[in-house]
Amino acid sequence: MKTLSFIFVLLCTPQLAFAALKIGVWKENITPTLSERSTSCMGGYGLPLTNPRCDITDAHDYLSLRALYMANNDTQFSLIVFDTTGVGDALINDIRQRVSMLTNKVDVDNLVIAATHTHAGLDYQGIWGGIGSEYRNRIVDIAARAIIQAQSTAQGVKIFAAQTQVPVSNRRGWGIVDDSITTLFFDNRKTDSNTC
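What counts, and at which threshold
Residues numbered from 1 in each chain as written. Predicted model: local features only at pLDDT ≥ 70, side-chain atom pairs only at ≥ 80, totals over all residues. Heavy atoms only, no water. Salt bridge = Lys/Arg side-chain N within 4 Å of Asp/Glu carboxyl O. Helix = DSSP H or I, 4+ residues; strand = E, 2+ residues; numbered from the N terminus. Buried < 20%, exposed > 50% of the residue type's maximum accessible area, 1.4 Å probe, protein only. Contact = heavy atoms within 4.5 Å. Pairing = 2+ DSSP bridges. Axes fitted to C-alpha atoms, helices over the stretch in contact; angles between N-to-C directions. Expected span 1.5 Å × (residues − 1). Phe/Tyr/Trp six-rings, centres within 6.5 Å; stacked < 30°, edge-to-face > 60°.

Glancing now at the pattern of salt bridges. This model, assessed by the stated rule, comprises 4 salt bridges. Across the pair D94 and R136 runs a salt bridge whose closest N-O atoms are separated by 2.7 Å. Linking D94 in helix 4 (residues 89-102) with R136 in helix 5 (residues 133-152), this pair joins segments that are 42 residues apart in sequence. In this structure D94 comes out as partly exposed when scored by relative accessible area, which is 28%. For R136, a relative accessible area of 22% puts it in the partly exposed group. Taking the shortest distance from any N to any O, the salt bridge between R145 and D141 comes out at 2.9 Å. Within this pair, R145 and its partner D141 are both found in helix 5, separated by 4 residues, close to a single helical turn. Relative accessible area serves as the criterion here: at 43%, R145 is assigned to the partly exposed category.

Now the structure itself:
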């Protein structure tokens, strides 16, 4: 509920909210090593619990984790996004616990953990064969440290928004689609340079 309240305040009172808003970002490479790939499975291929693609031999592109930290006065909102199909509750709980173990400066109640929903990543949910414990432990640690790094780099920002329409269609043939894209820009309040 605090998260929704924070976002509502940002949208409804821009002059007050943006004056004290701080943003920090961080990015990490979470591509599994050869030994981690050998004990992990791809996510998003076929129906869950069927046709697992495990013992991965190579990586085509690197996978990333991105962290965003926002603070306005005493309210925080943090976001961690993994390149994967989805993130299971057990992994989310372990990341929150690790953050709490490492620092008391990040409000884990307002920490959202999400996925890009790529079908070219590993199975963090455990429904296509899962990931090995070595890799799982490493990404829990990376995620916790990434949000702490994002918090430590937070700076006062000015926010700008832009919106446009793009040609889209629904592959199921549904006529109603949202063709709008809104982009937020955060500029360093002191230097006017783009933060993220």
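As a further point, take the side chain of S78. Tracing the sequence through the fold places S78 in strand 3 (residues 75-82). Contact partners of S78, with chain neighbours within four places excluded, come to L68, Y69, V106, N110, L111, V112 and I147.

One open sheet accounts for 6 strands, arranged 4-3-2-1-5-6; its pairing is mixed. Strands at the two margins of the open sheet, each flanked by one partner only, are strand 4 (111-115) and strand 6 (180-188). Across the sheet, the axes of successive neighbouring strands diverge by a mean angle of 30°, strand direction being ignored. Bridge count between strand 1 (residues 21-29) and strand 5 (residues 155-165): 2 bridges; the pairing is antiparallel. The residue of strand 5 that forms the bridge with K22 is G156. Those strands touched by helix 4 are strand 3 and strand 4, and its axis lies near 140° from that of strand 4.

Bringing helix 5 into the picture now. Between its first and last C-alpha, helix 5 extends 29 Å over 20 residues, near the 28 Å set by a 1.5 Å rise per residue. Inspection of helix 5 places Y135, I139, V140, I142, A143, A144, A146, I147 and A150 among the buried residues, and these make up the whole buried set. In this structure, the buried side of helix 5 is in contact with strand 1, helix 3 (34-37), strand 2 (64-72), strand 3, helix 4 and strand 4.

This model, assessed by the stated rule, comprises 2 aromatic pairs. Taking 5.2 Å as the distance between ring centres and 75° as the angle between the ring planes, the aromatic pair formed by F82 and Y124 counts as edge-to-face. You can see F82 sitting in strand 3 and its partner Y124 sitting in the loop between strand 4 and helix 5, a full 42 residues away along the chain. With a relative accessible area of 0%, F82 lands in the buried category. The class of Y124 is buried, set by a relative accessible area of 5%. Chaining the aromatic ring pairs together yields one cluster made of F82, Y124 and Y135.

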